[in-house]
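One letter stands for each residue in the lines below.
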Amino acid sequence: ALAVLFDRYGGVDAALSLLVRSVDMDPSDPVLWSDLGNAHRVKGNTDQAIHCFHTALSLQAHPDFFLNLGGVRFVMGELEEAIRLFHLGLQLNPRHVLLHFSLGNAFAVLGKREEAAESFEATLRVQPDFAAADQYLRSLRREMQRAWWPSWQVGGGVAAFIVVLVLVQRTVQYLALRSILGTADNRDAYSWPNQDAESETS
């Protein structure tokens, strides 16, 4: 969000000033409301950011807007609501890399390790070089292995099974799809489904 505000408007304060005037002149533009929400979010104006993202979504159901609103709810600790919003965004674009990644983060904070691992795996299927998702997934697998490690009498068989799963996972060839953040300088970038995985991080 911060990079977009600098790229498009020259900074957060300049963006906030310009966008407030812009939505007054054109209150039917969802992109303006979303950008204004991001400006308020960066400034710490949580209530205003939520209002702006809700307004954007009322004008256009777009995956990025669900990502933005879900990101605010996540920071507020409203994890179940964040998960609901991320799921809604993924219904519109199942290959949205940051929605998958954000969903994994929310599940991980809730302690739902299996669901988190599935979300990070989905992230890597869309973008195999997403380093943070790969790191978190490896960490989750280690935690899950420790949590479910049996007594030494039966440990050998289960350990072999886990090794096989890891080896199979490492042989999977993921489709290459790079996520380019904040490079859309025109509103056509918000016309899903032409946009595949371009979005702002939460």
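Residues numbered from 1 in each chain as written. Predicted model: local features only at pLDDT ≥ 70, side-chain atom pairs only at ≥ 80, totals over all residues. Heavy atoms only, no water.

Visitor: Would you explain the overall build of the protein in this entry?
Guide: Within the protein, the regular secondary structure consists of ten helices and zero strands. Mapped in sequence order, the helices and strands of the protein form the string α-α-α-α-α-α-α-α-α-α. For the protein, with 202 residues in total, the buried portion stands at 43%. For the protein, contacts bridging at least 24 residues in sequence account for 54% of all contacts bridging at least 6. When the accessible surface of the protein is totalled, it reaches about 10,700 Å², and 57% of it is carbon and sulfur. (Helix = DSSP H or I, 4+ residues; strand = E, 2+ residues; numbered from the N terminus. Buried < 20%, exposed > 50% of the residue type's maximum accessible area, 1.4 Å probe, protein only. Contact = heavy atoms within 4.5 Å. Areas by Shrake-Rupley, 256 points an atom, 1.4 Å probe, with all protein chains shown as cover.)

Visitor: Sorry, what's going on with the nonpolar core here?
Guide: General note: in soluble globular proteins, nonpolar side chains tend to be found buried as a group. Counting residues in hydrophobic clusters, the biggest one holds 22 residues, and the most contacted among them are Leu5, Tyr9, Leu19, Trp33, Leu36 and Leu69. Ranked by residues supplied to this core, first place goes to helix α4 (residues 46–59) with six residues. Listed in part, the 21 residues of the second largest apolar core include Phe86, Leu90, Leu103 and Phe120. (Core = buried A, V, L, I, M, F, W, Y, C linked by side-chain atoms within 4.5 Å.)

Visitor: What am I meant to see in the packing of aromatic side chains here?
Guide: Working definition: an aromatic ring pair is given by the centre-to-centre distance plus the angle between the planes. Under the definition given, this model contains four aromatic pairs. When the centroid spacing of 5.8 Å and the interplanar angle of 10° are considered together, the rings of Phe101 and Tyr136 count as stacked. Placement of Phe101 in helix α7 (residues 97–109) and of Tyr136 in helix α9 (residues 131–147) is noted, with a sequence separation of 35 residues between them. Joined through ring pairs, the aromatic side chains of Phe101, Phe120, Phe130 and Tyr136 make up one cluster. (Phe/Tyr/Trp six-rings, centres within 6.5 Å; stacked < 30°, edge-to-face > 60°.)

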